[in-house]
Amino acid sequence: MPRMYRVFAFWTAVIAMLAYAGHMEVMALLFFAQTAFFLALSYMNLSERGYIYVFAGYLVLFFVGFTYYTTFFM
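To keep things clear, this report deals only with the structure shown in the data block. Small disclaimer: the values here were computed from a predicted structure and weren't measured.

**Focus on the overall build of the protein**
Item 1. On a plain count of helices and strands, the protein comes out with three helices and zero strands.
Item 2. Along the protein, helices and strands appear, N-terminal first, in the series α-α-α.
Item 3. Along the three orthogonal principal directions, the C-alpha set of the protein runs to about 40 × 30 × 10 Å.
Item 4. Looking at the 74 residues of the protein, the share that counts as buried comes to 19%.
Item 5. Carbon and sulfur atoms form 76% of the exposed surface of the protein, whose accessible area is close to 5,700 Å².

**A look at the nonpolar core**
Item 1. Counting residues in hydrophobic clusters, the biggest one holds five residues: Tyr5, Ala9, Phe38, Leu41 and Tyr51.
Item 2. Elements that contribute at least two residues to this core include exactly α1 (2-21) and α2 (25-42).

**Digging into a nonpolar patch on the surface**
Item 1. Taken together, the side chains of Met1, Met4, Val7, Phe10, Trp11 and Ile52 make up a nonpolar region of the molecular surface, amounting to roughly 570 Å² of accessible area.
Item 2. For the nonpolar patch, the element with the most residues is α1, which contributes four residues.
Item 3. Among the structural elements, Met4 can be located in helix α1.
Item 4. Relative accessible area serves as the criterion here: at 39%, Met4 is assigned to the partly exposed category.

**Examining unusual backbone geometry**
Where the residue is not glycine, phi is negative for most of them; where a peptide bond is considered, it is trans in most cases.
Item 1. Unusually for a residue other than glycine, His23 sits at a positive phi of about 65°.
Item 2. Take His23: it is sitting in the loop between α1 and α2.
Item 3. At Asn45, a position not held by glycine, the phi torsion is positive, near 55°.
Item 4. Among the structural elements, Asn45 can be located in the loop between α2 and α3 (48-72).

What counts and how
Counting restarts for each chain: residues are numbered from 1 in the order of the written sequence. The predicted nature of this model means local features are confined to residues of pLDDT at least 70 and side-chain atom pairs, given and counted, to a pLDDT of 80 or more, with totals for whole chains, interfaces and linings taken over all residues. The side-chain figures draw on all heavy atoms in the structure; neither hydrogens nor water molecules are used. Each helix corresponds to a stretch of at least 4 residues labelled H or I by DSSP, and each strand to a stretch of at least 2 residues labelled E; elements are numbered beginning at the N terminus. Residue exposure (1.4 Å probe, protein chains only): buried if accessible area is under 20% of the type maximum, exposed if over 50%, otherwise partly exposed. Only the protein chains shown count as covering a residue, and every accessible area follows the Shrake-Rupley method with a 1.4 Å probe. Put simply, buried Ala, Val, Leu, Ile, Met, Phe, Trp, Tyr and Cys residues joined by side-chain atoms within 4.5 Å make one nonpolar core. By definition, no residue in a patch forms a salt bridge, and every one has over 30% relative accessible area; like charges are joined within 9 Å, nonpolar side chains (Val, Leu, Ile, Met, Phe, Trp, Tyr) within 5 Å. What makes a salt bridge here is a side-chain nitrogen of Lys or Arg within 4 Å of a carboxyl oxygen of Asp or Glu, nothing more.

What follows is the structure, given as structure tokens:
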């Protein structure tokens, strides 16, 4: 499970660099923050259940934030 969080960190870093190259600084900063979050979690040595709970919480926050953004800002 920790390796999967390192994979998440790698791909969020790739997306952040592409966003930065495309002059989308706010998006790049958000994805660099996610990269740091996933990388830090990968070295915490939680149980598999702990990693699943953290990921579920992450998804809930993302969906709530995305729904709020698309409803009120787009």
